[in-house]
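Here is what each chain is made of, one letter per residue.
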Amino acid sequence: MIGGGGNAFIGPIHLKAALMEGEIELVCGCFSRTYDTSLATGRKWHLDESRIYADWQEMLRKEASLPDGERMDFVAIVTPNHMHYPQAALALELGFDVVVDKPMTWSLDEALRLQTLVQRTGRTLALTHVYAAYPALREMRSRIARGDLGTLRRVYVEYTQGWLSQRIELCGGNKAGWRTDPRTSGKGGCLGDIGVHAWHLSEYATGLKVTEVCAELSTFADGRPIDDDCAAFLHYEKGVKGILHATQIAVGEENDIRLRVFGEHGGLVWSQLEPNTLLLRHDDRPTEVLRIGNGYPWLAEETRARTRLPGGHPEGFIESFANIYRNFALTVRARMNGVEPDPLWLDFPTVDDGVRGMQFIETMVASANSDGKWTPWVYAPL
C-alpha cells in the first residue's frame, strides 16, 4: 500500500476491505512521506520492518527486484489525487497490478496515458468506485437491464455532505486541505471528490452513458479556490434525461447518497442510509420493498455473488470495498495462472471507468465555464 498512514481515513478502510475475504495479505508499504509515520503504521499492521519503506519509488523498485513468491503482487494507492498517476504508472511499468482510489488521476491527460499503459503492459487495474459495489446497486442494474421498468425516462442522483460548509482546511489537522487545493485535487473539488461518484453510480445502474451535460459549479465558502457544490442536467443515451447534485456545504448532511431511476412502467429508489433496501415503484400497484440478503433466491446471480449475510444484516461501506478487492484478487489470480476469469469476478471498475470519470470532470468544468446556458427572467409588470 502507498499512503494510508497516520490519521488517514480511506487507507485503513481499503486495508480492512482487502483483508476481509482472506484472499489478500498486506506484505509491504510506504504509508507516509514521513518515515516515522510510515514505520509506526507498518508496525501497527504487523509488517516486517524490512518491508516498511520511506519512499514509494524505492518500495516499488525493491519489491520488483525480489523473486516470484516473495515480492508483492499488486499495490493499493490511497494517496491524494495528484500522486495517483506517477505511482500507478511506475507500478505498471515494473509489472505490478494496481488498485487506485478515485478519481483515477489528477487530469484527463494522465488518465489517457494510464489507459495506454494498462493496455501495453496487460496488467489489471481496479478503481474503487465503492458505491456501485453495494449488492442493492447490482440488483438495481440487473432489474433495469432485464426491462422491469420499461423504457427508461429519468434519472435523479445526489450525494450530499456538509463537512466543508466552513473553511476547515485553514485550521489544519483534518482531511480537507488537499481536497480543496486544485494543485493536489485537480480541476474538481466537490466535483472530483463526490460528484464523480454520483455520475458513476448513475451510469452503472442504468447501463447508459452520459452524452451531454449542462453544469453549474459553485463555491460557497468565501475564498475557497475550488468548487464545493455542483449540479447538472444530464443527457444519457437513448433519450434518457437526468439531474445530478453533489454538495459538501449542506450543513448536517452525512454522506446521503440517493439514486432514483424511472421508466415508463416503474421506478427504483436506493439510499445509502438504508443500503440493503430497494424500493420498486409500480404504475398499477403499491410500492414493493425489496431486501437484500444471501438467503433470497429471487435476487440476481450477480447480486448474490456480492452478498455475504442473511437478510436483516446490512452490508455497508467496507463490505462494498471488499467486493471490489475480492473480484480484483480473483481476477488477478486467474490471470497469473493463465486462466480466464469468471465473468462474475470482472464486475469492478477499470481503467476505462477512470478515463470516463476524468472526462466527466473536465466536461462539467468546461460546461460550467461556458456562456449561454441561462435565459434571464425578464421582469414584466402585471
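See the structure shown above.
This text gives an overview of the structure that appears in the document. (Residues numbered from 1 in each chain as written. Predicted model: local features only at pLDDT ≥ 70, side-chain atom pairs only at ≥ 80, totals over all residues. Heavy atoms only, no water.)

## Topic: the sheet that holds strand E1 (residues 74-77)
Point 1. Taking strand neighbours across the sheet as the criterion, the three strands line up as E1-E2-E3 in an open arrangement whose pairing is parallel. In the strand order of this sheet, the two ends are held by E1 and strand E3 (125-127), each with one partner. Mean inter-strand twist for the sheet, computed between neighbouring axes without regard to direction, equals 10°.
Point 2. Relative to strand E2 (residues 97-100), E1 is paired through four bridges, and the arrangement is parallel. Of the residues in E2, the one forming a bridge with Ile77 is Val100. (Pairing = 2+ DSSP bridges. Helix = DSSP H or I, 4+ residues; strand = E, 2+ residues; numbered from the N terminus. Axes fitted to C-alpha atoms, helices over the stretch in contact; angles between N-to-C directions.)

## A word on the packing of helix H6 (residues 135-145) against helix H8 (residues 190-206)
Point 1. With their axes 7 Å apart at the nearest point, H6 and H8 run at an angle of 45° to one another. With respect to their mutual orientation, H6 and H8 come out oblique. Along its contact with H6, which presents Leu137, Arg138, Met140, Arg141 and Ile144, the element H8 presents Leu201, Glu203, Tyr204, Ala205 and Thr206.
Point 2. Here the contact of H6 with H8 is built from residues that sort into six nonpolar, one polar and three charged. (Parallel < 35°, antiparallel > 145°, perpendicular 65-115°, else oblique. Contact = heavy atoms within 4.5 Å. Nonpolar A, V, L, I, M, F, W, Y, C, P; charged D, E, K, R; others polar.)

## A word on helix H10 (residues 317-336)
Point 1. Counted at 1.5 Å a residue, the expected span for H10 with its 20 residues is 28 Å, and the 29 Å between its end C-alpha atoms agrees.
Point 2. Across the 20 residues of H10, 14 count as buried, placing the element largely inside the fold.
Point 3. Looking at the residues trailing H10, positive phi occurs at Gly338, about 70°. (Expected span 1.5 Å × (residues − 1). Buried < 20%, exposed > 50% of the residue type's maximum accessible area, 1.4 Å probe, protein only.)

## Examining the packing of aromatic side chains
Point 1. In the structure shown here, the tally under the stated rule is twelve aromatic pairs.
Point 2. Between Phe74 and Tyr325 the ring centres are 6.5 Å apart and the planes differ by 45°, which places this aromatic pair in the tilted class. Separated by 251 residues along the polypeptide, Phe74 in strand E1 and Tyr325 in helix H10 bring together distant segments of the chain.
Point 3. What makes Phe74 buried here is its relative accessible area of 18%.
Point 4. Relative accessible area serves as the criterion here: at 2%, Tyr325 is assigned to the buried category.
Point 5. Three or more aromatic residues link up through ring pairs in this structure, and these residues are Phe9, Tyr131, Tyr159, Phe317 and Phe321.
Point 6. Its end group placed over the ring of Tyr85, Arg113 keeps NZ or CZ at 4.7 Å from the ring centre. (Phe/Tyr/Trp six-rings, centres within 6.5 Å; stacked < 30°, edge-to-face > 60°. Lys NZ or Arg CZ within 6 Å of the ring centre and 35° of its normal.)

## Some points on a nonpolar patch on the surface
Point 1. A surface patch of nonpolar side chains, about 330 Å² in accessible area, is lined by Phe233, Ile243 and Trp374.
Point 2. By secondary structure assignment, the location of Phe233 is in strand E6 (residues 229-236).
Point 3. Here Phe233 falls in the partly exposed class, since its relative accessible area comes to 45%. (Patch = residues over 30% accessible without salt bridge, like charges linked within 9 Å, V, L, I, M, F, W, Y side chains within 5 Å. Areas by Shrake-Rupley, 256 points an atom, 1.4 Å probe, with all protein chains shown as cover. Salt bridge = Lys/Arg side-chain N within 4 Å of Asp/Glu carboxyl O.)

## Notes on the pairing of strand E4 (residues 152-160)
Point 1. As defined by bridge partners, E4 adjoins strand E8 (residues 256-263) across eight bridges and the pair is classed as antiparallel. Along E8, the bridge assignment pairs Thr160 with Asp256.
Point 2. Summarising the sheet, E4 and strand E7 (residues 241-247) pair through seven bridges and their orientation is parallel. Counterpart to Arg154 in the pairing with E7 is Lys241.

## Some thoughts on the sheet that holds E4
Point 1. Pairing in this open sheet of eight strands is mixed, and the strands run E5-E6-E7-E4-E8-E9-E10-E11 from one edge to the other. On the outer flanks of this sheet lie strand E5 (210-218) and strand E11 (288-291), each paired with one strand and no other. For this sheet, the mean inter-axis angle between neighbouring strands, taken without regard to orientation, is 15°.
Point 2. With respect to the sheet, H6 is in contact with E4, E8, strand E9 (266-271), strand E10 (277-282) and E11, its orientation differing from that of E9 by roughly 165°.
Point 3. Packed onto the sheet, helix H11 (residues 351-369) meets E5, E6 and E7 and runs at close to 55° relative to E5.

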